[in-house]
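Tertiary structure, described
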Amino acid sequence: MTRYARRGVHGQTVDALARRILGGGIPEGATLDLVALQNELDVSLTALRESLKVLAAKGMVDARQKRGTFVRARGDWNLLDADVLRWQFEGGLTTDADRSLLRNLAEVRAIIEPAAVRLAAERRTAADLAALDDALWAMGQNDHDAGHAVEADLAFHRALLNATHNELLERMEMVIESGLAHRDRIVHSSPHSENPVPAHRAVLDAVREQDPEAAEAAMRALLEQAGRDLERIDGDDDTKGPGPQ
């Protein structure tokens, strides 16, 4: 799940094509008109082909003789790829597929994080606790900056995964962070969300005390709070009609 370098025309072209495919602007099975796309995006054919190689590596497009380059079925897309998740969520919760994917990610978190925090409670080091303390402190700085709140929350959950000292679990941050960052941007931009600090402090306290059962229970409570926040805001959005928030 290596992220590609988002630089210059190449990065802009990859982003534009990916968002169009994920948003349904270029539907599954559609054959791409490369000349038309080249003119529309105002890029060279070489740059366009290089950008399509990035999407091909993520399972989103393919090329065949006599058919040309086409969008693969959604079931073939690498939805766990960090870039694919980012492209999906940067457009907002505008489609049922977007909402469904965010719910799926919440379920993945509910499976992974309670188990991961048990390991963190057993294996955490002084350095791990310091990273968690720093993240919790940053979370408590109520400067009404949604971006700051998102970064602090991501830092906390990243530190928890690192505290497991399991290399594969640590890599799960690339999956969890994309969905978590999007959820956080929605929640922290709303005045109706619950204060996240107490729930995170309860997790940290249990990890500090090396109590796996309490850590797991605290994480489940934290995830339940996160779900309530999102459901409340999602319900408010439904009354206003669809659209990015």
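Residues numbered from 1 in each chain as written. Predicted model: local features only at pLDDT ≥ 70, side-chain atom pairs only at ≥ 80, totals over all residues. Heavy atoms only, no water.

1. Here's the deal with the overall build of the chain
Secondary structure assignment for the chain yields eleven helices and two strands. A total of 245 residues make up the chain; the buried ones form 45% of that total. In the chain, of all internal contacts separated by at least 6 residues, the share reaching a separation of at least 24 is 70%. A total accessible area of about 12,500 Å² is found for the chain, and carbon and sulfur atoms account for 51% of it. (Helix = DSSP H or I, 4+ residues; strand = E, 2+ residues; numbered from the N terminus. Buried < 20%, exposed > 50% of the residue type's maximum accessible area, 1.4 Å probe, protein only. Contact = heavy atoms within 4.5 Å. Areas by Shrake-Rupley, 256 points an atom, 1.4 Å probe, with all protein chains shown as cover.)

2. Some words on the environment of Ala 155
With respect to the helices and strands, the residue Ala 155 is situated in helix H7 (residues 146–162). Separated by 22 residues in sequence, Ala 155 and Glu 177 have C-alpha atoms that sit 9.4 Å apart.

3. Looking at the nonpolar core
Core analysis: the biggest nonpolar cluster contains 25 residues, and Val 117, Leu 132, Phe 156, Leu 160, Val 203, Val 207 and Met 219 have the highest contact counts within it. For this core, the secondary structure elements donating two or more residues are helix H5 (96–123), helix H6 (126–139), H7, helix H10 (197–208) and helix H11 (212–240). Ignoring anything within four residues of it in the chain, the contact list for Val 203 reads Val 117, Phe 156, Leu 160, Ala 218, Met 219 and Leu 222. Grouped together as the second largest cluster of nonpolar side chains are 22 residues, Val 43, Trp 77, Val 84 and Trp 87 included. (Core = buried A, V, L, I, M, F, W, Y, C linked by side-chain atoms within 4.5 Å.)

4. So, helix H3 (residues 45–57)
An ideal rise of 1.5 Å per residue puts 18 Å on 13 residues; H3 measures up with 19 Å between its terminal C-alpha atoms. Where H3 is concerned, the buried positions are Ala 47, Leu 48, Ser 51, Leu 52, Val 54 and Leu 55. Projected down its long axis, H3 shows its buried positions confined to an angular sector of 150°, all on one face. Of the residues in H3, the exposed ones pointing more than 90 degrees away from the buried face are Thr 46, Lys 53 and Ala 57. (Expected span 1.5 Å × (residues − 1). Arc of directions from axis to C-beta.)

5. What about helix H2 (residues 34–41)?
Looking at where H2 begins, the residue whose side-chain oxygen comes 3.3 Å from the main-chain nitrogen of Val 35 is Asp 33. Residue Asp 42 follows H2 closely and has a positive phi angle near 55°. (Polar contact = N/O pair within 3.5 Å; in protein donor to acceptor, adjacent residues only side chain to side chain.)

6. Brief notes about the pattern of salt bridges
As enumerated under the stated definition, the model contains 16 salt bridges in all. We note a salt bridge from Arg 20 to Glu 40, for which the minimum N-O separation is 3.0 Å. Residue Arg 20 is located in helix H1 (residues 8–22), and its partner Glu 40 is located in helix H2; the two are separated by 20 residues in the primary sequence. By relative accessible area, which is 26% here, Arg 20 ends up partly exposed. Counted as one network, the salt bridges with shared partners bring together Asp 15, Arg 19, Lys 58, Asp 81, Asp 83 and Arg 86. (Salt bridge = Lys/Arg side-chain N within 4 Å of Asp/Glu carboxyl O.)

7. A closer look at the environment of Leu 55
Position of Leu 55 among the secondary structure elements: in helix H3. For Leu 55, a relative accessible area of 0% gives the class buried. Along the backbone, Leu 55 and Val 71 are 16 residues apart, and their C-alpha atoms lie at a distance of 9.5 Å.

8. Considering the side chain of Lys 58
When you line up the elements, Lys 58 lands in the loop between H3 and strand S1 (61–64). Residue Lys 58 is classed as buried on the basis of its relative accessible area of 6%. Among the polar contacts made by the side chain of Lys 58, one reaches the side chain of Asp 81 at a distance of 3.0 Å.

9. Things to note about the packing of aromatic side chains
With the rule as written, the count across this model stands at zero aromatic pairs. Between Arg 67 and the ring centre of Phe 70, over which it is positioned, the NZ or CZ distance is 3.7 Å. (Phe/Tyr/Trp six-rings, centres within 6.5 Å; stacked < 30°, edge-to-face > 60°. Lys NZ or Arg CZ within 6 Å of the ring centre and 35° of its normal.)

10. Points about the environment of Glu 151
Residue position: Glu 151 is located in helix H7. Classification of Glu 151 as partly exposed rests on a relative accessible area of 49%. Each C-alpha atom of the pair Glu 151 and Met 139 lies 8.5 Å from the other, and the pair is twelve residues apart in sequence.

11. What about the packing of H1 against H3?
Here H1 crosses H3 at 55°, and the two axes come no closer than 9 Å. When the interaxial angle is binned, H1 and H3 end up oblique. As H1 runs across H3, the sense of the crossing is right-handed. Residues His 10, Thr 13, Val 14, Leu 17, Ala 18 and Ile 21 of H1 form the contact with H3, whose participating residues are Leu 48, Glu 50, Ser 51, Leu 52, Val 54 and Leu 55. Residues that form the contact of H1 with H3 fall into these classes: eight nonpolar, three polar and one charged. (Axes fitted to C-alpha atoms, helices over the stretch in contact; angles between N-to-C directions. Parallel < 35°, antiparallel > 145°, perpendicular 65-115°, else oblique. Left-handed = near helix turned anticlockwise from the far one by under 90°. Nonpolar A, V, L, I, M, F, W, Y, C, P; charged D, E, K, R; others polar.)

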